[in-house]
Amino acid sequence: MAAVALRSCRRGLSQILSNGGVSAFSSQRLEGVRHKSTVQYATRPDLPKLAYRRIKGKSPGVVFLPGYGSNMNGQKAEALEEFCKSLGHSYLRFDYTGHGASEGVFAEGTIGTWKKDVLFVLDELAEGPQILVGSSIGGWFMLLAAIARPEKTAALVGISTAADHLVTSFNSLPLETRKELEEKGEWTVPTKHSEEGVYRFSMDFLREAENHCVLQSPIPVTCPVRLIHGLKDEDVPWHISMQVAERVLSNDVDVILRRHGQHRMAEKDDIKLVVYTIDDLIDKLTTMV
């Protein structure tokens, strides 16, 4: 099993961020990106086009995987582009099928659909090994991609990782409730992150998702893994990151728990911590080479 290092993040982030490239990443840059990459579209035979933004640079590159219903224009995604640009490393962010500027119907998407999107991006748009940064359900896709494309995965950074979360949450409901939902054909979950105020999951979606669960057995991932989670996350419990850390085969695993961190981890200090974590991994991977 993986060796898990629990880091206390109560110490001042100013001390953490005083090293190397991170110190050059000023707090002003977290306010917004001045010179964004342009949106491009990747064409796939018989599949919806995927919208993406990319800057070219040194290896390892960084690929950002957004959360469920989110897109590539969030605060974390944009801040990471500016950071990678400042270091001269390549960076790629994109929208899943049915999300953001990509083609496709959101309600028709599945875990398998979006996993294929990630693998296409790694195969066709990303050059060389990548640090995959997965937010929420993107953390699940990050693990699936690392299993399927180990040669393209240099390291993993999970933010509020939601591996298997939809399936385990549904299966933890009382039996009678599950039967009622199965008869209804839909599970409605309240959320603050949707205009409608709920997420709707069909039974077909949940059954398909079961095919991609990773937490029932050891996870064949051996690259460095960093898992950042907020103790005040009301959407995805932090113990999921602990489960991932226990199951990955890598010997280089850190779990970083933010005492006041919430699900989106979008506060300025949260983003600084993510940036620091990636900077540290880049330094480590570059030194190893």
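Residues numbered from 1 in each chain as written. Predicted model: local features only at pLDDT ≥ 70, side-chain atom pairs only at ≥ 80, totals over all residues. Heavy atoms only, no water.

Which parts of the structure should I look at to understand the environment of Val63?
Positionally, Val63 belongs in strand 4 (residues 58–65). Among the residues examined, Val63 registers a relative accessible area of 1% and is labelled buried. With 59 residues separating them along the chain, Val63 and Leu122 place their C-alpha atoms 8.5 Å apart. (Helix = DSSP H or I, 4+ residues; strand = E, 2+ residues; numbered from the N terminus. Buried < 20%, exposed > 50% of the residue type's maximum accessible area, 1.4 Å probe, protein only.)

Is there a simple way to explain the side chain of His229 in this structure?
With respect to the element layout, His229 can be found in strand 10 (residues 225–230). Classification of His229 by relative accessible area gives buried; the value is 0%.

It is not clear to me how the nonpolar core should be interpreted in this structure. Could you clarify?
Inside soluble globular proteins, nonpolar side chains tend to come together where they are buried. In terms of nonpolar packing, the biggest core is built from 58 residues, with Val63, Phe94, Ile111, Trp140, Phe141 and Leu156 touching the most fellow members. For Trp140, the contacting residues outside a window of four places in its chain are Ile111, Thr161, Ala162, Ala163, Asp164, His165, Val167, Ala209, His212, Cys213 and Val214. One finds Phe83, Tyr91, Ile256 and Leu273 within the second-largest nonpolar core, a separate group that totals 27 residues. (Core = buried A, V, L, I, M, F, W, Y, C linked by side-chain atoms within 4.5 Å. Contact = heavy atoms within 4.5 Å.)

Any chance you could explain the packing of aromatic side chains here in plain terms?
Each aromatic ring pair is described using two quantities: the centre-to-centre distance and the angle formed by the ring planes. This model, assessed by the stated rule, comprises 14 aromatic pairs. An angle of 70° between the planes, with centres 5.9 Å apart, marks the rings of Tyr68 and Trp114 as edge-to-face. With Tyr68 in the loop between strand 4 and helix 3 (75–87) and Trp114 in helix 4 (residues 111–125), this pair connects stretches of sequence that are 46 residues apart. We note that Tyr68, like Trp114, is buried. Seen from their ring centres, Trp187 and Phe201 are 5.9 Å apart, and the 45° between their planes marks the pair as tilted. (Phe/Tyr/Trp six-rings, centres within 6.5 Å; stacked < 30°, edge-to-face > 60°.)

Help me understand the layout of surface pockets in this model?
The gaps of empty space that remain are located by a probe, the size of a water molecule, rolled over the atoms. There is about 1100 Å³ of room inside the largest pocket. Those elements giving two or more residues to the lining of the largest pocket turn out to be helix 3, helix 5 (137–148), helix 6 (165–171), strand 8 (186–190), strand 9 (198–202) and helix 8 (203–209). By residue class, the composition of the lining of the largest pocket is 20 nonpolar, 17 polar and eight charged. In this structure, the second largest pocket encloses a volume near 200 Å³. Split by residue class, the lining of the second largest pocket holds two nonpolar, four polar and eight charged. (1 Å grid on protein atoms, 1.4 Å probe; cavity = no way out; pocket = protein on both sides within 12 Å on 5 of 7 lines; lining within 4 Å. Points joined across faces, edges and corners; volume = space filled by probe spheres on them. Nonpolar A, V, L, I, M, F, W, Y, C, P; charged D, E, K, R; others polar.)

In this structure, what is going on with the side chain of Lys76? I would like to understand it.
Counting through the fold element by element, Lys76 comes out in helix 3. Comment: no salt bridge for buried Lys76; closest opposite-charge side chain is Asp270, at 8.1 Å. Those residues in contact with Lys76 that lie beyond four places of it in its chain are Phe64, Ser135, Ile159, Arg264, Met265 and Ile271. (Lys, Arg positive; Asp, Glu negative; His and termini not counted. Salt bridge = Lys/Arg side-chain N within 4 Å of Asp/Glu carboxyl O.)

Even after reading the chapter, I still don't get a negative patch on the surface, so can you show me in this structure?
Negative charge collects at one region of the surface, where Glu176, Glu180, Glu182 and Glu183 lie side by side. Position of Glu182 among the secondary structure elements: in helix 7 (residues 175–184). (Patch = residues over 30% accessible without salt bridge, like charges linked within 9 Å, V, L, I, M, F, W, Y side chains within 5 Å. Areas by Shrake-Rupley, 256 points an atom, 1.4 Å probe, with all protein chains shown as cover. Charge placed at Lys NZ, Arg CZ, Asp CG, Glu CD.)

Explanation requested: the environment of Asn73 in the structure shown.
Residue placement: Asn73 occurs in the loop between strand 4 and helix 3. C-alpha of Asn73 to C-alpha of Gly100: the two residues are 27 residues apart in sequence and 8.5 Å apart in space. Residues within four places of Asn73 in sequence aside, it is in contact with Arg53, Glu78 and Arg93.

Is there a simple way to explain the pattern of salt bridges in this structure?
Note that side chains of opposite charge can pair when their charged atoms are close. Within this structure, the stated rule accounts for 13 salt bridges. One salt bridge in this structure joins Glu186 and Arg200, with 3.2 Å as the shortest N-O distance. Here Glu186 is found in strand 8, whereas its partner Arg200 is found in strand 9, with 14 residues between them in sequence. Residue Arg200 is classed as partly exposed on the basis of its relative accessible area of 41%. In the salt-bridge network here, residues are joined through shared partners; they are Arg226, Asp252, Asp254 and Lys284.

Even after reading the chapter, I still don't get the packing of helix 4 against helix 5, so can you show me in this structure?
How two helices pack is summed up by the angle between their axes together with the distance between the axes. Viewed as axis vectors pointing N to C, helix 4 and helix 5 meet at an angle of 60°, and their least axial separation amounts to 10 Å. Regarding the angle of helix 4 to helix 5, the classification is oblique. Note that helix 4 runs across helix 5; the crossing there is right-handed. Between helix 4 and helix 5, the residues in contact are Ile111, Trp114, Lys115, Val118, Leu119 and Leu122 and Ile137, Trp140, Phe141, Leu144, Ala145 and Ala148, respectively. Of the residues that constitute the contact of helix 4 with helix 5, the class distribution is 11 nonpolar, no polar and one charged. (Axes fitted to C-alpha atoms, helices over the stretch in contact; angles between N-to-C directions. Parallel < 35°, antiparallel > 145°, perpendicular 65-115°, else oblique. Left-handed = near helix turned anticlockwise from the far one by under 90°.)

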